[in-house]
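Understanding the architecture of this molecule
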Amino acid sequence: MKTYSKKDILDLYNTPLMALIFEAATVHRLHHDPSKIQVSTLISIKTGGCPEDCGYCPQAARYHTAIEKNELMPVSSVINLAKKAKQNGSSRVCMGAAWRNVKEGEDFEKVLEMVRGISHLNMEVCCTLGMITESQALRLAEAGLHYYNHNLDTSEAYYKEIISTRGYEDRLETLKNVNKGALKVCSGGIIGMGERVEDRIEMLMSLLRLDRVPDSVPINALVPVEGTPLATENTVPVWDIIRMIATTRIVMPKTTVRLSAGRTEMSTEAQALCFMAGASSIFTGEKLLTTPNPGEDKDAEMFSILGLIPTENTKENSDKFKIRKPILKNDTAVKWTRPGHTIERNVKATKQAKALRKNQK
Ligand code: SF4
């Protein structure tokens, strides 16, 4: 695989848009069927009350958002939602839990049961549960999990502006554990959080430097949510999303590039350019964890207009599911960090949200 310097990727990102899309579309066609889009469903299996302080996330307990805290969903409810998603055309389910890290115990056993159940439905299964150890990754793989999602979000330098309760090195450590645990890595980022273009490029560099290039990269556009520190950020221009998708496609030709959060702000035309530029998956359903998403009907209409076909089931992608041989070793003691630096604007936005709620009473 070609190696890229930061300058190479930056130059790519800044290529005149039509030329960039053409190049990305060419690469996409060499490695993927451009008429197929993988339709995924995201199920929030445990919502809200998260101890972390990700500045974009309404599920962080410390922010004053409209999200209610829920306990882990029953296994049967999750399986039923997965069955429904399959009937509605999804071939992939991603389960998200608002946890800092996975703790051994009853809840983790239930998640393993959910993974087993969804895997038996012949659907691709992914989880995003926070930081995990190598042995937890291995147990998830044994239960039938295909991918583990853990986004790098942004560059290492900008990460400190967005999250203070864990460090970038914790993210990288979990991704290492995912790789060693024989799972495929799903990791991407969010654009529109006030970062520079260089931060977007550095995030791609970090992904390229992982032990294996991620098989799945979600590209999200920030959905500003009232009560979170990033509530007042401007909507990211659609051209930036297209550039980010095209650049990701070129530097990671075989990866599934997922056009993720932020689609409600995008027209069908804009999404069409994203597919042309190499996006090969979307999340469907009314909600993406807690933020709005176009409904299934709208997506079906878009697919019909654009002549796109959802990938049907895991058989179609069966080569993707060959679980790699795990690298077994004893788990080292968990050493997740808490950098604890202060994020000035988190404090400011929290105060603003509190004042707003007080005035509303
Ligand atoms: S993004 Fe995840 S870890 Fe961060 S606050 Fe939200 S639920 Fe917690």
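Remember, it's a predicted structure, so these values are computed and weren't measured experimentally. (Residues numbered from 1 in each chain as written. Predicted model: local features only at pLDDT ≥ 70, side-chain atom pairs only at ≥ 80, totals over all residues.)

In this section: the overall build of the chain. Secondary structure assignment for the chain yields 12 helices and 12 strands. Evaluated residue by residue, the chain yields a buried proportion of 47% over its 361 residues. Residue pairs at least 24 apart in sequence account for 80% of intrachain contacts in the chain once pairs closer than 6 positions are excluded. (Helix = DSSP H or I, 4+ residues; strand = E, 2+ residues; numbered from the N terminus. Buried ≥ 20, exposed ≤ 12 C-beta atoms within 10 Å, placed from the backbone. Contact = placed C-beta atoms within 7 Å.)

Before going further, it helps to examine helix α5 (residues 134-143). Within α5, seven of the 10 residues are buried, which leaves it mostly tucked inside the rest of the structure. The complete set of buried residues in α5 reads Glu134, Gln136, Ala137, Leu138, Arg139, Leu140 and Ala141. Those residues of α5 that are buried lie in contact with α4 (106-120), β3 (124-128), β4 (147-149) and α7 (168-180). Of the residues flanking the end of α5, it is glycine 144, one or two places downstream, whose phi is positive at about 115°.

Turning next to the confidence of the model for the chain. Confidence along the chain averages 88 in pLDDT terms, with 85% of residues attaining 70 or more. Across residues 315-323, confidence stays below pLDDT 50; counting only partners more than four residues off in sequence or on other chains, it has eight contacts. (pLDDT = per-residue confidence, 0-100.)

Within the largest apolar cluster, 89 residues are counted, with the highest numbers of intra-cluster contacts made by Tyr148 and Ile245. Broken down by element, this core gets its largest block of residues, seven residues, from helix α9 (residues 238-251). Apart from the residues lying within four places of it in its own chain, the contact partners of tyrosine 148 are Cys126, Cys127, Ile132, Ala137, Leu140, Val178, Leu183, Val185 and Cys186. (Core = buried A, V, L, I, M, F, W, Y, C linked by C-beta atoms within 7 Å.)

On to α7, then. A rise of 1.5 Å per residue sets the reference length of α7, with its 13 residues, at 18 Å; its end C-alpha atoms lie 19 Å apart and thus fit the reference within 8%. Here α7 has its buried residues at Tyr168, Asp170, Arg171, Glu173, Thr174, Leu175, Asn177, Val178 and Asn179. Positive phi appears at alanine 182, one or two residues downstream of α7, with a value of about 70°. (Expected span 1.5 Å × (residues − 1).)

Moving on to the pairing of strand β9 (residues 281-284). Within a regular beta strand, the side chains point alternately toward one face of the sheet and then the other, so they alternate between its two faces. Side chains Ser281 and Phe283 project from β9 onto one buried face, and the interleaved Ile282 and Thr284 project onto a second face that is buried too. Sheet topology places strand β1 (residues 36-46) next to β9; four bridges connect them, and they run parallel. In the strand pairing of β9, valine 39 is matched with isoleucine 282. Of the strand pairs in this sheet, strand β8 (residues 256-259) and β9 are connected by two bridges, and their pairing is parallel. Across the sheet, leucine 259 pairs through a bridge with isoleucine 282, a residue of β9. One crossover worth recording links β8 to the parallel β9 by way of helix α10 (residues 268-276), and it is right-handed. (Pairing = 2+ DSSP bridges. Right-handed = clockwise from strand over helix to strand, strands pointing away.)

What follows is about the site of the ligand. Every residue close to the ligand is listed here: Cys50, Glu52, Cys54, Cys57, Gln59, Ala60, Ala98 and Gly130. Looking at the shell around the ligand residue by residue, the class counts come to five nonpolar, two polar and one charged. (Near = placed C-beta within 6 Å. Nonpolar A, V, L, I, M, F, W, Y, C, P; charged D, E, K, R; others polar.)

It is worth spelling out the environment of glycine 188 at this point. Structurally, glycine 188 is set in the loop between β5 (184-186) and β6 (189-191). Counting along the chain gives 36 residues from glycine 188 to leucine 152, while the straight-line C-alpha distance between them is 5.8 Å. Sequence-distant contacts of glycine 188, that is, excluding residues within four places in its chain, are made with Asn151, Val217, Pro218, Ile219 and Asn220.

The subject of this paragraph is the packing of helix α1 (residues 6-13) against helix α8 (residues 197-208). Each pair of packed helices can be described by the angle between their axes along with the distance between the axes. Packing of α1 against α8 brings their axes to within 10 Å, and their N-to-C directions diverge by 125°. With respect to their mutual orientation, α1 and α8 come out oblique. Here α1 and α8 pass one another in a crossing that is right-handed. Contact residues: α1 offers Lys6, Ile9, Leu10 and Tyr13, while α8 offers Val197, Ile201, Glu202, Leu204 and Met205. (Axes fitted to C-alpha atoms, helices over the stretch in contact; angles between N-to-C directions. Parallel < 35°, antiparallel > 145°, perpendicular 65-115°, else oblique. Left-handed = near helix turned anticlockwise from the far one by under 90°.)

Moving on, we come to unusual backbone geometry. Unlike most non-glycine residues, asparagine 122 shows phi in positive territory, near 60°. With respect to the element layout, asparagine 122 can be found in the loop between α4 and β3. Looking at asparagine 122, the number of C-beta atoms within 10 Å reads 14, which means it is partly exposed. Of note, the phi angle at aspartate 153 is positive, near 70°, even though the residue is not glycine. For aspartate 153, a count of 24 C-beta atoms within 10 Å gives the class buried.

The subject of this paragraph is the environment of glutamate 312. Along the polypeptide, glutamate 312 turns up in the loop between β12 (309-310) and α12 (344-360). Judged by local crowding, glutamate 312 falls into the partly exposed class, with 14 C-beta atoms found within 10 Å. Along the sequence, glutamate 312 and serine 91 sit 221 residues apart, while their C-alpha atoms lie 6.1 Å from each other.

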